[in-house]
Amino acid sequence: MSVPETNLATPAQLLAHFRALDQFLFAHQQLWRPKPFTALQLGWETEHPQLARWLRARNLEQAEAAHNQPHLLAAPAPFPELARQAIALGQLGQLPRRSRAATGTRLGVDVPGRKWQQIEAFGSCLQFHQQPAHWLDWCAGKGHLGRYLAQDGSALSCVERDAQLVSSGQRLSGKLGIPARHIELDVLQEEAAGYLESAQTPVALHACGDLHVRLMQLASAAGCRQLAIAPCCYNRIRAEHYQPLSAAARASALQLERDDLRLLQCETVTAGQRVRKLRDLSMARRLGFDLLQRQVRAVDEYLPAEALAPAWLQRDFAAYCTELARVKQLDLGGEHDWATLETAGWQRLANVRNLELLRSLFRRPLEVWLLLDRALFLQAEGYRVRLGSFCDTRLTPRNLLLLAERE
Ligand SMILES: C[S@@+](CC[C@H](N)C(=O)[O-])C[C@H]1O[C@@H](n2cnc3c(N)ncnc32)[C@H](O)[C@@H]1O
């Protein structure tokens, strides 16, 4: 099948793309669903022993170097072919950009640099046949995106659950002379339906799972002509299982669990060096502890536990394990060879990170599957849909945007 070149996809193109992704993800689910972090051996390793051996022979630095571009890895079969298919199926192209009227630089003053660049990129992709008269910034935080858009003189409403963000947003709008309404609202509550009007153009930059789905449903019901959504945190849903939105996804054999959706959160393109180091330390310790708890319990199974407070990473490995065992009410018994266990934890981390490279090939295809589920839903609701990236992944890994417009 050919992936649509243009961003405006016909219903048949969207459906064909969705089905191709669906087939790909379903056929290879044994490669991307099991998590190396929680299993000592993965089912697929017996099927592809050469690939498993090759990945397991690599170190942590090599995994890190390949992390953001796993498809370039010269790994044994079937890795290269899967990478090729994943790239082809996960491609959506860039949305056309148009520079907006000059921005008052004052607007960006209180906004972290990367967030401001995301806002500018998001804004430059918003092209609708009908000029928006009233922006509705959904889960707006302080409403930076809304204020950026409302420079064109249109009205602005921002809805947000966090009272502090609402009042900071209201203050900022006042300071900048933008007549915005900042409304404290839990968009998941029933009353939220009353805040949407047909004349509004809702926009949502990085509204998590249920929050942007709620927007699509309410905006369509309210008769909004157009909306723009850049989803994120697909795993932040109340249901245990993913609830498909479109007929095609409902008919799919792929039954996603909330945990499967976490695959999309494993991308760390934007994390700094210090954050990565701490994350590695925390994971290596958790993996070392995992080996210990398997011995102590005589159960060869991962034991889920909340992460310990970061201060425990400053303590030595023995203290860390003792605390985690206390939290899990686990009797560690006699003496342990802490140094060996700690080293084994780091070795496992290298294995996990390298084995993860195979899973990560499926990250974008899964994300596009989820986005197409949304697009197909909106299409069935009478919208024409455009999909594509609004910025580079280096600015944010969640760089896909869905534009929907009713005739
Ligand atoms: C990832 S932030 C994005 C904020 C903003 N759109 C941006 O891009 O900077 C998600 C926002 O959703 C808000 N939020 C979470 N749950 C909500 C709910 N149930 N109703 C309204 N807002 C909610 C959070 O407080 C947070 O400000």
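Look up: the structure comes first, before these words.
Since we're looking at a predicted model, the values are computed, not measured. (Residues numbered from 1 in each chain as written. Predicted model: local features only at pLDDT ≥ 70, side-chain atom pairs only at ≥ 80, totals over all residues. Heavy atoms only, no water.)

Novice: What is the right way to read the site of the ligand from this model?
Specialist: If you check the shell around the ligand, you find 15 residues, and the closest are K115, E160, D186, V187 and L205. Between K115 and the ligand, the recorded distance is 2.8 Å, taken from a side-chain N or O atom to an oxygen atom. Separating a nitrogen atom of the ligand from a backbone N or O atom of V187 is a distance of 3.0 Å. For the ligand, whose unbound accessible area comes to 590 Å², protein coverage reaches 79%. Its residues placed into classes, the shell around the ligand shows eight nonpolar, two polar and five charged. (Near = heavy atom within 4 Å. Polar contact = N/O pair within 3.5 Å; in protein donor to acceptor, adjacent residues only side chain to side chain. Areas by Shrake-Rupley, 256 points an atom, 1.4 Å probe, with all protein chains shown as cover. Nonpolar A, V, L, I, M, F, W, Y, C, P; charged D, E, K, R; others polar.)

Novice: Honestly, the pairing of strand β2 (residues 155-160) in this entry has me stumped. Any pointers?
Specialist: Judged by how many residues are buried, β2 sits mostly within the fold: five of six residues are covered. Examined bridge by bridge, strand β1 (residues 134-138) and β2 share five bridges and lie parallel to one another. By the bridge assignment, L136 is partnered in β2 with S157. At this point the chain moves from β1, through helix α8 (residues 144-149), to the parallel β2, and the crossover so formed is right-handed. (Buried < 20%, exposed > 50% of the residue type's maximum accessible area, 1.4 Å probe, protein only. Helix = DSSP H or I, 4+ residues; strand = E, 2+ residues; numbered from the N terminus. Pairing = 2+ DSSP bridges. Right-handed = clockwise from strand over helix to strand, strands pointing away.)

Novice: Looking at this model, I keep getting lost on the nonpolar core. Mind explaining?
Specialist: W44, W138, L256, F362, W369, L370 and L387 are the most contacted members of the largest nonpolar core, which has 73 residues in total. Residues within four places of W369 in sequence aside, it is in contact with F18, L21, D22, L25, Y242, A249, S252, L254 and L256. Residues L95, F128, A140 and F390 belong to the second largest nonpolar core, which totals 30 residues. (Core = buried A, V, L, I, M, F, W, Y, C linked by side-chain atoms within 4.5 Å. Contact = heavy atoms within 4.5 Å.)

Novice: Looking at this structure, I do not really get the pattern of salt bridges. What am I missing?
Specialist: Note on pairing: side chains with opposite charge can pair once their charged atoms come close. Per the stated rule, a full pass over the model turns up 21 salt bridges. For R262, the salt bridge goes to D259, with nearest N and O atoms at 3.1 Å. With a relative accessible area of 33%, D259 lands in the partly exposed category. As a salt-bridge pair, D290 and R294 come within 2.9 Å of each other at their nearest N and O atoms. One end of the pair, D290, and the other, R294, are both in helix α12 (residues 273-297), four residues apart, so they sit about a helical turn from each other. Across this residue pair, the class does not change: D290 and R294 are buried. Each member of the salt-bridge network shares a partner with another, and the members are E64, R276, R279, D280 and R353. (Salt bridge = Lys/Arg side-chain N within 4 Å of Asp/Glu carboxyl O.)

Novice: Where do I start with the side chain of Q226 in this structure?
Specialist: You can see Q226 is positioned in strand β5 (residues 226-232). The exposure class assigned to Q226 is buried, which follows from its relative accessible area of 3%. Among the polar contacts made by the side chain of Q226, one reaches the main-chain carbonyl oxygen of Q130 at a distance of 3.0 Å. Every residue in contact with Q226, bar those within four places of it in the chain, is listed here: F128, Q130, Q131, P132, Q200, T201, P202, Y383, A404 and E405.

Novice: So what exactly am I meant to see when it comes to the packing of aromatic side chains here?
Specialist: Both the distance between ring centres and the angle between the ring planes are used here to describe each pair of aromatic rings. Scanning the entire structure with this criterion turns up seven aromatic pairs. With 5.2 Å between their ring centres and 25 degrees between their planes, F24 and F362 make a pair best called stacked. Of this pair, F24 sits in helix α1 (residues 11-27) while F362 sits in the loop between α14 (338-360) and α15 (363-380), and the two are 338 residues apart along the sequence. Of the two residues examined, F24 and F362, each falls in the buried class. Through a chain of ring-to-ring contacts, three or more aromatic side chains come together here, namely F18, Y242 and W369. (Phe/Tyr/Trp six-rings, centres within 6.5 Å; stacked < 30°, edge-to-face > 60°.)

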